[in-house]
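Next come the chains, spelled out residue by residue.
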Amino acid sequence: MILAEERAAVCEYARRMTADGLVVGTSGNVSARDGALVAVTPTGVDYAGLEPADIPVVGLDGEIVEGELKPTSELPMHLAVYNRAVDPDGASVTAVVHTHSVHATAVSTLLDEVPPIHYILATIGPTARVAEYATYGTEELAASMLKALDGRRGCLLANHGTVAYGDSLGAAYHRVQQLEWVCRLWLLARSAGSPTLLPPAEIERVVEKLRGYGQG
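The numbering scheme is per chain: residues are counted from 1 as the chain's sequence reads. The model is predicted, so local features are restricted to residues of pLDDT at least 70 and side-chain atom pairs to those at 80 or more, both for listing and for counting; the totals for chains, interfaces and linings are taken over all residues. Side-chain descriptors were evaluated using all non-hydrogen atoms of the structure, hydrogens and water having been removed beforehand.

As annotated in an unreviewed UniProt entry, the protein chain carries the name L-fuculose 1-phosphate aldolase and comes from Amycolatopsis saalfeldensis.

**Student:** Could you clarify how one ought to interpret the overall build of the protein chain in this entry?
**Tutor:** Of the regular secondary structure elements, the protein chain holds six helices and nine strands. Both definitions apply: the radius of gyration is a C-alpha atom measure, and the globule rule equals 2.2 Å times residues to the power 0.38. In summary, the protein chain has a C-alpha radius of gyration of 17 Å against a globular reference of 17 Å for 216 residues, a match within 12%. Taken along the three principal axes of its C-alpha coordinates, the protein chain extends 50 × 35 × 30 Å. For every residue, the accessible area obtained with a 1.4 Å probe (protein chains only) is divided by the maximum for its type, and the residue is called buried under 20%, exposed over 50%, and partly exposed between those limits. Each of the 216 residues in the protein chain was classed as buried or not, and the buried ones make up 47%. Contact between two residues is taken to exist if any of their heavy atoms lie within 4.5 Å; hydrogens are not considered. Within the protein chain, counting contacts between residues at least 6 apart in sequence, those at least 24 apart form 64% of the total. Surface accessibility follows the Shrake-Rupley procedure with a 1.4 Å probe radius. Residue values consider only the protein chains on display as shielding. Carbon and sulfur atoms form 52% of the exposed surface of the protein chain, whose accessible area is close to 10300 Å². Across the protein chain, the mean location of the 16 positive side-chain charges is 8 Å away from that of the 26 negative side-chain charges. In this description a helix means any DSSP run of H or I spanning at least four residues, a strand means any run of E spanning at least two, and both kinds are numbered starting from the N terminus. The charge count treats Lys and Arg as positive and Asp and Glu as negative. His and the chain ends do not count. By convention, the point assigned to a charge is CZ for Arg, NZ for Lys, CD for Glu and CG for Asp.

**Student:** Whenever I open this one, the sheet that holds strand E1 (residues 29-34) confuses me. Can you help?
**Tutor:** By way of backbone hydrogen bonds, the strands of a sheet pair with one another, either parallel or antiparallel. Across the sheet, nine strands lie side by side as E4-E3-E2-E1-E5-E9-E8-E7-E6; this open sheet has mixed pairing. A single partner strand is all that each edge strand has here, and the edge strands are strand E4 (64-66) and strand E6 (113-114). A pair of strands counts as paired when DSSP detects no fewer than two bridges linking them. Pairing geometry for strand E7 (residues 128-131) and strand E8 (residues 154-157), over two bridges, is parallel. Within E8, the position partnered with Val-130 by the bridge is Leu-156. Interaxial angles span 0 to 180 degrees and are taken between N-to-C directions of axes, which are lines fitted to C-alpha atoms, for helices over the stretch in contact. Sitting on the sheet, helix H2 (residues 75-84) touches E1, strand E2 (37-40), strand E3 (57-59), strand E5 (95-99), E8 and strand E9 (161-166), and the angle it makes with E1 is about 35°. Taken strand by strand, helix H4 (residues 139-149) contacts E7, E8 and E9, and its axis lies near 160° from that of E7.

**Student:** Hey, could you run me through the packing of aromatic side chains in this one?
**Tutor:** Each aromatic ring pair is described using two quantities: the centre-to-centre distance and the angle formed by the ring planes. For this analysis, a ring pair means two rings from Phe, Tyr or Trp (six-membered ring only for Trp) whose centres lie within 6.5 Å, classed as stacked if their planes differ by under 30 degrees, edge-to-face if by over 60, and tilted for the remaining angles. One pass over the full model with this rule turns up one aromatic pair. Measuring from ring centre to ring centre gives 5.4 Å for Tyr-13 and Tyr-173, while their planes differ by 55°; the resulting arrangement is tilted. Note that Tyr-13 is positioned in helix H1 (residues 4-19) and Tyr-173 in helix H5 (residues 169-192), a separation of 160 residues in sequence. In terms of burial, Tyr-13 and Tyr-173 fall into one category: buried.

**Student:** Sorry, what's going on with the side chain of Ser-108 here?
**Tutor:** The topology assignment puts Ser-108 in helix H3 (residues 102-108). Among the polar contacts listed, one links the side chain of Ser-108 to the backbone oxygen of Thr-105, at a separation of 2.6 Å. Polar contacts, as used here, are pairs of N or O atoms within 3.5 Å; protein pairs need one atom able to donate a hydrogen and one able to accept it. Residues neighboring in sequence count only if both atoms are side-chain atoms. At 3.4 Å, the side chain of Ser-108 and the backbone oxygen of Leu-157 are in polar contact. Apart from residues no more than four positions distant in its own chain, Ser-108 is found in contact with Val-130, Leu-156, Leu-157, Ala-158, Asn-159 and His-160.

**Student:** Help me understand the nonpolar core in this model?
**Tutor:** Across soluble globular proteins, you tend to see nonpolar side chains buried next to one another. Val-81, Met-145, Cys-155, Leu-157 and Tyr-165 are the most contacted members of the largest nonpolar core, which totals 24 residues. Other than its neighbours up to four places away in sequence, Cys-155 contacts Arg-129, Met-145, Ala-148, Leu-149, Gly-161, Thr-162, Val-163 and Leu-179. What makes a nonpolar core is a set of buried Ala, Val, Leu, Ile, Met, Phe, Trp, Tyr and Cys residues whose side-chain atoms join them at distances within 4.5 Å. Formed by 22 residues, the second largest nonpolar core is a distinct cluster that contains Ala-14, Val-30, Ala-95 and Leu-169.

**Student:** Just to check I follow, could you spell out H2 for this structure?
**Tutor:** Within an α-helix, residues lying three or four positions from one another point in the same direction, as the helix has 3.6 residues per turn. Most of H2 is tucked away, with eight of its ten residues classed as buried. Of all the positions in H2, only Leu-75, Pro-76, Met-77, His-78, Leu-79, Ala-80, Val-81 and Tyr-82 are classed as buried.

See below:
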C-alpha cells in the first residue's frame, strides 16, 4: 500500500478533528502529501471507522492513483494549496487541514480579516484573512482561498470554516486550532466592548521569536 504512513496519519487527524469539536459528522477534511502524491480523506465517510486503506491517494492533478473510495469534494482546495501555496518562510507544504469550527465560522460572517487580538495569530501571519464565499468543492472556492492565503499559513472561509497548511499534519492541525481559539477570543472580547489590538511591530517581533520556539 503506497503512502501507508500518510494514510494512517490522515485517519488519526480526521478522528481528532471530530473529537476536538472542529467538525461535525463528515464535514471538514485532511490531506498529507509525499512528493507528487496526496493521501486525502474520502467524501461522506464517518471518520470514526476510517482505516488507512479507506484513504484514497491522488496525484497533484487530482487523478486517483490508489483506493476504492472517492476523495473529498474539497479536493480542489487541497490541490490548490499543494500546487500553488508558498510558505512565508519557504518551508515545505506537505499537509492541509480544513475545518468547520464554530467560532471561526461565526467570525467569517462578521469580518474580512481577523485582527491581531493575540500574538498567537503570528503562527498564521500578521492577520488571518477571510476568503470570499464560493460554493464548496469548486475551483472558485480554491481560487478565493489562495488569495486569502497569500503571505499566510491559514485563513477563514466566509460562511464556511477554516483552512491551514504546514510541513506536517501536526503543524497544520495546530494552526486550525489556533485560528479557532483566536476567533473565540475575539468574539468574547467583542461581546464586552472594543478589544485592544496589538500593533504590527509586535506581531513582527513575535514572528521572529517563534522561529526559535520549542525544542527544535
